[in-house]
Amino acid sequence: VQLQASGGGLVQAGDSLRLSCVASERAFSDFNMGWFRQAPGKEREFVAAISRSGGRSYYADSVKGRFTISRDNAKNTVYLQMNSLKPEDTAVYYCAADQRFTERPTAVMTAYVYWGQGTLVTVSS
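Remember, it's a predicted structure, so these values are computed and weren't measured experimentally.

**Remarks on the environment of Ala39**
And then number 1: Within the element layout of this structure, Ala39 appears in the loop between strand E4 (32–38) and strand E5 (45–50).
And then number 2: Measuring from C-alpha to C-alpha, the distance between Ala39 and Asp89 comes to 8.0 Å, with 50 residues separating the pair along the chain.
And then number 3: With residues near it in sequence (within four places) discarded, Ala39 still touches Thr90 and Ala91.

The structure is reproduced here in structure tokens:
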């Protein structure tokens with residue numbers, strides 16, 4: 001499975017961005033999908049995840065209420081709508097696919113076997 005993330009850019013604090021991640025796999029709906037991020041000098045961390053059907057989602061506390069993950073299985077695409085961006089949201093954002101046979105999305109990084117190349121989000125104060 002190849003994942004292509006896009007939508008990053010330079011914005012000001014309080015602005016919004018929507019990230020997209022397109023998967024090459026026609027069986028996209030077989031995968032739970034997640035977004036992770038890595039800030040300069042820090043470890044990669046979980047942001048949000050969504051179940052295969054889109055019926056369940058899960059967020060890191062740091063983004064809850066500001067970010068929304070969604071997916072369109074007909075377009076093989078998962079989205080991350082980011083509102084009220086803060087400078088601490090600055091990072092490279094990665095999408096990832098979890099092929100476990102479950103409708104329970106997870107924050108556990110090792111569950112994700114396919115990763116996109118990342119898209120840079122920079123939030124200025």
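**Remarks on the pattern of salt bridges**
And then number 1: A full pass over the atoms with the stated rule returns six salt bridges.
And then number 2: The partner of Asp89 in a salt bridge is Arg37, with the nearest N and O atoms 2.9 Å apart. A residue pair is termed long-range when its members are at least 10 positions apart, and Asp89 in the loop between strand E8 (77–82) and strand E9 (91–98) and Arg37 in strand E4 qualify at 52 residues. For the pair Asp89 and Arg37, a shared accessibility class is recorded, and that class is buried.
And then number 3: Residues Glu103 and Arg52 are paired through a salt bridge, measuring 3.6 Å at the closest nitrogen-oxygen approach. Taken together, the residues Glu103 in the loop between E9 and strand E10 (114–115) and Arg52 in the loop between E5 and strand E6 (57–59) connect sequence positions 51 residues apart.

Reading the values: the criteria
Residues numbered from 1 in each chain as written. Predicted model: local features only at pLDDT ≥ 70, side-chain atom pairs only at ≥ 80, totals over all residues. Heavy atoms only, no water. Helix = DSSP H or I, 4+ residues; strand = E, 2+ residues; numbered from the N terminus. Contact = heavy atoms within 4.5 Å. Salt bridge = Lys/Arg side-chain N within 4 Å of Asp/Glu carboxyl O. Buried < 20%, exposed > 50% of the residue type's maximum accessible area, 1.4 Å probe, protein only.

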